[in-house]
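Examining the three-dimensional arrangement
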Amino acid sequence: MPVSALDAYRASSCRGVAWLVSLLAGAASYATEPGDRGSIVPDVRQLVVTPDRLELAGKNRQSQLVITGVDGAGLNHDLTRQAKIVLGDQSLATLDGAFVRGVAEGQSEIRVSFGAIEKVVPLVVRDFARYPDVSFHSDILPIFSKLGCNSGGCHGKQAGQNGFKLSVFGFDPRADYDAIVNGSRGRRVFPGSTTHSLIYSKAVGASTHGGGQRMSEDSHDAELLREWLEQGTPWGRDDHVKLAKIEVWPNLRVMTPRSQQQLRVVATYSDGSFRDVTRSAVYTTNQEMIADCDPTGAIETGRVAGEAAITINYMGCVDVARVVIPLPNTQLPQRPEWLSDGHPIDQLAWAKWQQLRIAPSELCDDATFQRRVAVKTTGTLPTSEETRAFLRDDSPQKRIHAIDAALSSEDYVNYWSQRWSDILMVNSKTIGGQGANAFYGWIREQIETNRPYDQWVREIIVASGNSGRVGPVNFYRSQRTAEDAVKTISQAFLGIRMDCAQCHHHPFEKWGQDDFYGLAGYFNGMTRQALDENRELIYHPGHKSTAIPVINRPVATRTLGGQSTAADDQTDPRRELADWLASSKNPFFAKLVANRLWKHLMGRGLVEPEDDFRDTNPPTNPELLEHLAKTLVANNFDLRALMRHIMTSKTFQLSNAPNETNLDDEQTYSHYLVRRVPAEVMLDAICQVTEVPEAFPGHPIGARAIELWDNQLPSYFLDAFGRSLRESPCECGSSGEPTMAQALHLLNAPEIEAKIQSPQGRATRLANTGLDADALINEIALSTVNRPANPRELATGRAIFQESGRLQAIQDFLWVMMNSYDFLFVK
Amino acid sequence: MSSSIRNATRRDLLRVGSLAGGAIAGLGLADVLRMQQLCASDQAASRSDVNCIFIFILGGMPQQDMWDLKPKAPAEIRGDFQNINTNVPGIQISDVLPGCANVMDKMAILRSMTHGDSDHGRGYHIMMSGKKPGVGDFNGNQNNNHHPSIGSMVSYLGAPGVLPPYISVPNFLNSGGPAFLGPSHGPFVIDADPAAPDFSVRDITLPTDVVAQRGDLRQRALRQINAMEDRAQLAGKQVRSLDNFYEKAFNLMSSPAAKKAFDIHREPAEVREAYGMTSLGQCSLLARRLVEAGCRFVAIENGHWDTHRKNTYSLRELLCPSFDKAIPALLNDLASRGLLDKTLVVICTEFGRTPKINQLAGRDHWPNAFSIVMAGGGIRGGQVVGATDNQAAEVTDRPVTPEDMVATILYTLGIDYSKVMHTPLGRPVAVADGGTVVRELFS
């Protein structure tokens, strides 16, 4: 590297000191240019080796060293690949870079040096003669899950693979043990001889294996498998030491683009013993563009600034290492004036922008704000009169007034009753028209009275009675089995997807079959009596125990991580479930609904998808999500109050127009995220701007799409624009994704053209006024995109008026504005 | 190079390629390159200029009354139909299909389809996606897909053109949805029967009361309003996506050839008559026009084949006449236009029907063994793949699974069926889920 570049690097690192120190006690490694990596020699003053003392004992026979250089400014640099490492006694261990493998018992030391600085790490290798007990169910089975042997595409599928069948993700350990130890006339294992055991020779690729080589001979996994064979393929004792947790170090790093950071992962067992599993863990990034991690635990950052979470899995335990890469060569963003308003959401958002050195966009103008609040809260466009009045209003409080007016409007009730009906699957096809109507009516009452969210969710969980009269009972008419109820309730109210856990313990997830059927026990034995063809009497006569199907193992009814139920066969156990589920202490309950509302208003969930909470899917701003949940709990689960809290933040009020620093940002809300107007809202908007209502079958003329309770009413428009199918609790059922059919419909639909050309419609009415061309253009802009026409619209509109007659020009300009992105999207 | 690599089949190698990192440290670069070559040479045999017309016979097509007769079986199994000779010596099919018998040289019958699920909704899903759906009964549910349909996978994996890549007619096929691939890979649905006198495809042309000149003016103005600067300002995936669809819509509207493809009224009367003025006939003709104009996958649904009662009457009088007119007309038309080699025609169904005739003179659902037909797209006509026992009840030779069918269709269309898709939950889903190409079809 040329000297001048090095000087430039030093100069820039000095500039960086201020923000880094203020940031966190983390570390940074530097690269000056894209593509230049690992070749810089930092001015290292101190060397830190982790761990500072190495003991290889028992199962812990391999260990990763992480070497960090601290420079004069107190900044950390990962030197794991650059430092020189020398073993004192080479007969005790071998080195692969900074990865140490024990070979024989004894004591020595490892000398780590970088430039003139040296650090000595004592090394002890002991307990090498006898390998600790290996257990099939807690040591071997997880290896098969990790390597994918028992996945649905391989030996885990129903028919097995080439005669060898395992239960998918190891849900039936006894059957798997039998398949391996006794199956195929014993050829799979040959106690004492690894080379004669197909289970080993196929896995390491020594015998022909359809699945190819799954592990290398010098890996931990191979070591465990060898030891298990040599110990005589034991099933393992039930009190066998179990894996308790894994921990990664470092778990948070500030890095530069195109740089590296070695991780070290340590597993701790129930007896307190530990083991370095850096080379056995599986690393997954949530943002490949930003940072990726190789199988040896080395993170490499890309060219893009941002944040990434590396999820580390080992045998079912999970930890996360977060990486923050600020924009290179940018200053700390200037503190926006409005931060002094002290809104906690803004403070928490600002902390994130500072971290990433992203400057937030400007605040949006009044017209944009008014349209945004109206569409997101009431599902209704402002009228041109409302827009004029809002723009004229010079009260400093006018934005807050607009929020309050929207939240207390009838349209808020219309719109949110429909949104909750989507989530709760109020589908007349599955629960009948009468049921859907009763359920919708009940939901509407909850929204209208702004009843605390926890109270009405509780009422759904414990619902009993005649489905024609008791609205929430209809929930159990679409969730007809205990299994369906578990899946829907955990996804709809906790954001926990239990689908995988029904059949197997997912190797990367927390919840397994015991958890799934533990919950299913609350619904087992529910009774449904048909009253007539439209109504059912539904109730729970008392608790009934549950067993896992196929392996037929009884499971205690209990909440996730909770105690077994106290309910007897005369008591409805769902009350207990509701108490746990809708409690302010339940870590998932408030967070999910807070995240839903946040996503709805901000365009993207802090957790995404909004109802998929798990360790491996961390929130982009955990502190902010925590704050929203706490605010909700503190306000007694008042949903409107939380929406108000979000909308009064300046973060909600940012412009969608990006600046240089936040153009690519989709995660930190540094500019407003543009979203398509939803199906029902768009249909209403088309009716509103043309002044020609839609005729829905069975509804009076003038009924609006956001007022419909029945999602089965035939409507090509609503289908094409993706109204919710209400077939799963996932809001993904209502899709905002554009399609070709939508574009064609907006351009050419005769139904829309008829509204534009209707003699009773707006175009004709405007033609009969005395307004001149510019006034007409402005009026049409105000009613469609809710702001005065911009210069381009004015020019385009004038050209149309010059070319065509008055009425036709009005119709054409209206058509143009109804196809403009400012109409179709909320920005 | 280790022996395991040397001996590996193409599928093994692909499976290795899709492993989540780490476990295959033993593979050298040379091995990886070799794998890629293997894959490439295999893929070279399939062609990306082949499009597909996928005809779904909804209700369950009776194998033993149409494609796989058992004249020696007892009367209650044999039924009322007789074998007749086809234009291929040695292959016989039902006397209810004399038209098809004349184009046997263009068709391959797969007599050994099998999957084992006798529910309509589930069978539909299995045969349109190659995968079993999750739990639940969803007969009649629209867009029931738990997994993407073949057409959606073609849309997702194939290259885009002027026409939408996946079109369905005369309605949305209930198992034809995109599932987790998202609505942009759903079918462009022609929700109208092309046999109707007033048939037209909605929204692809200007409304009748807007003359072309006025339409041009509007489009010009709209392009100005939605110009590039604003797109950058709007900076969002959804805006870019709709922008892309607007462009495609403009292309479609301004391409007379593409628009014409939808207009079945341009066909000479004698051609329309040759296909038959029936739903299946006209859907098939429209499909030919669409693949001719570049659509990659047209799905047709033809219903009412669930013959639990009066099986013989239904087939002879109501169902087979239009079928036996449409299919030969389609194959002959494709052949005479030189399109047969570039068009794969698949005649599919949920399952077959029970060997034994029931008390209502009908046959019930039978998924253990049934027949489907494939033609064109490089498939060698005039052959039968697989065989069933003497009651057409169980497969005795060369079982073909729905996974194999999906692999074969995608392979014929030049699409890499070894790929893995990911659900929003991150769950990997193999495109053809272990299915392999039915090689005999091409030899």
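Because the structure is predicted, anything quoted here is derived from the model rather than measured.

**Points about the overall build of chain B**
A count of helices and strands for chain B gives 16 helices and 16 strands. Relative to its full complement of 443 residues, chain B shows a buried share of 51%. Within chain B, counting contacts between residues at least 6 apart in sequence, those at least 24 apart form 71% of the total.

**Things to note about the overall build of chain A**
Scanning chain A from terminus to terminus reveals 29 helices and 27 strands. When the backbone C-alpha atoms are referred to their principal axes, chain A occupies close to 100 × 80 × 50 Å. A burial count over chain A gives 50% of its 827 residues as buried. Across chain A, the fraction of contacts at a sequence separation of at least 24, relative to all contacts at a separation of at least 6, is 63%.

**Topic: the sheet that holds strand S1 (residues 51-57) of chain B**
All names here are of chain B. Spatially, S6-S5-S7-S1-S8-S11-S4-S12 is the arrangement adopted by the eight strands of the open sheet, whose pairing is mixed. This sheet does not close on itself; its edge strands, each paired only once, are strand S6 (188-189) and strand S12 (383-385). Examined bridge by bridge, S1 and strand S8 (residues 343-349) share seven bridges and lie parallel to one another. The partner of Phe56 across the bridge, within S8, is Cys348.

**Points about the domain arrangement of chain B**
What the domain assignment lists for chain B is domain 1 (3-20 + 27-43), domain 2 (48-198 + 263-442) and domain 3 (202-255). Spacing between the C-alpha centres of domain 2 of chain B and domain 3 of chain B amounts to 36 Å.

**A short note on the sheet that holds strand S4 (residues 66-71) of chain A**
Residue and element names in this part refer to chain A. Spatial strand order, S1-S4-S5: three strands in an open sheet with antiparallel pairing. Taken across any chain shown, the strands that pair with only one partner, and hence form the sheet edges, are strand S1 (44-50) and strand S5 (76-78). When strand polarity is set aside, the average angle formed by the axes of neighbouring strands in this sheet is 30 degrees. Two elements, S4 and S5, share three bridges in a ladder whose sense is antiparallel. By the bridge assignment, Val70 is partnered in S5 with Asn76.

**Let's talk about the nonpolar core**
The nonpolar side chains of soluble globular proteins are, as a tendency, buried together. Ranked by size, the top nonpolar core spans 287 residues in total, and within it Phe54(B), Val298(B), Val346(B), Met374(B) and Leu410(B) carry the most contacts. Counting residues per element, this core draws most heavily on helix H15 (residues 311-336) of chain B, which supplies ten residues. If near-sequence neighbours (up to four positions away) are discounted, Met374(B) is found in contact with Ala108(B), Leu110(B), Leu344(B), Val345(B), Val346(B), Ile379(B) and Leu441(B). In terms of nonpolar packing, the next biggest core, distinct from the first, is built from 21 residues, Cys149(A), Ile180(A), Met215(A) and Leu229(A) among them.

**Things to note about the packing of helix H14 (residues 482-494) of chain A against helix H16 (residues 513-520) of chain A**
Packed helices, taken two at a time, are described by the angle between their axes plus the distance between the axes. All names here are of chain A. Interhelical geometry of H14 versus H16 gives an angle of 105 degrees and a closest axis separation of 8 Å. Viewed along their axes, H14 and H16 adopt a mutual orientation that is roughly perpendicular. Here H14 contributes Ala482, Glu483, Val486 and Ser490 to the contact with H16, which in turn contributes Phe516, Leu519 and Ala520. Partitioned by chemical class, the residues of the contact of H14 with H16 number five nonpolar, one polar and one charged.

**Some thoughts on helix H8 (residues 150-157) of chain B**
Residues and elements named next belong to chain B. Counting buried residues in H8 gives seven out of eight residues, a clear majority hidden from the surface. Of all the residues in H8, the buried ones are Ile150, Gly151, Ser152, Met153, Val154, Ser155 and Leu157. Those residues of H8 that are buried lie in contact with S1, helix H7 (120-129), strand S5 (166-169), strand S7 (297-302) and helix H16 (402-412).

**With respect to the domain arrangement of chain A**
Bring the parts together and some accessible area is lost; that lost area is often taken as the interface size. Residues and elements named next belong to chain A. When cut into domains, chain A gives domain 1 (3-129 + 242-325), domain 2 (136-230), domain 3 (366-401 + 588-675), domain 4 (413-581) and domain 5 (679-720 + 738-826). One C-alpha centre belongs to domain 4, the other to domain 5; they are set 42 Å apart. Facing the twelve residues of domain 4 at the interface are seven residues of domain 5. Elements supplying a minimum of two residues to the side of domain 4 that touches domain 5: helix H10 (410-423) and helix H11 (428-448). Of the residues belonging to the side of domain 4 that touches domain 5, the class tally is four nonpolar, seven polar and one charged.

**Details of helix H7 (residues 366-378) of chain A**
All names here are of chain A. For H7, with 13 residues, the first-to-last C-alpha span of 17 Å sits near the 18 Å given by 1.5 Å per residue. Counting buried positions along H7 yields eleven of 13 residues, so the element is predominantly enclosed. All of the buried residues in H7 are Thr368, Phe369, Gln370, Arg371, Arg372, Val373, Ala374, Val375, Lys376, Thr377 and Thr378. Two residues or fewer past H7, Gly379 is found with a positive phi of approximately 60 degrees.

**Side note on the packing of helix H18 (residues 589-602) of chain A against helix H20 (residues 639-647) of chain A**
Residue and element names in this part refer to chain A. The contact between H18 and H20 brings their axes to 10 Å, and the two run at 45 degrees. Judged by the angle between their axes, H18 and H20 are oblique. Judged by the sense of rotation from one axis to the other, the crossing of H18 with H20 is right-handed. Of the residues in H20, those in contact with Ala594, Leu597, Trp598 and Leu601 of H18 are Leu639, Leu642, Met643, Ile646 and Met647.

**Quick word on the environment of Ser478(A)**
If you trace the backbone, Ser478(A) turns up in helix H13 (residues 475-478). Look at Ser478(A) and you get buried, because 22 C-beta atoms sit within 10 Å.

Reading the values: the criteria
Residues numbered from 1 in each chain as written. Chains lettered and ligands numbered in written order. Predicted model: local features only at pLDDT ≥ 70, side-chain atom pairs only at ≥ 80, totals over all residues. Helix = DSSP H or I, 4+ residues; strand = E, 2+ residues; numbered from the N terminus. Buried ≥ 20, exposed ≤ 12 C-beta atoms within 10 Å, placed from the backbone. Contact = placed C-beta atoms within 7 Å. Pairing = 2+ DSSP bridges. Domains from an automatic or database assignment. Axes fitted to C-alpha atoms, helices over the stretch in contact; angles between N-to-C directions. Core = buried A, V, L, I, M, F, W, Y, C linked by C-beta atoms within 7 Å. Parallel < 35°, antiparallel > 145°, perpendicular 65-115°, else oblique. Nonpolar A, V, L, I, M, F, W, Y, C, P; charged D, E, K, R; others polar. Expected span 1.5 Å × (residues − 1). Left-handed = near helix turned anticlockwise from the far one by under 90°.

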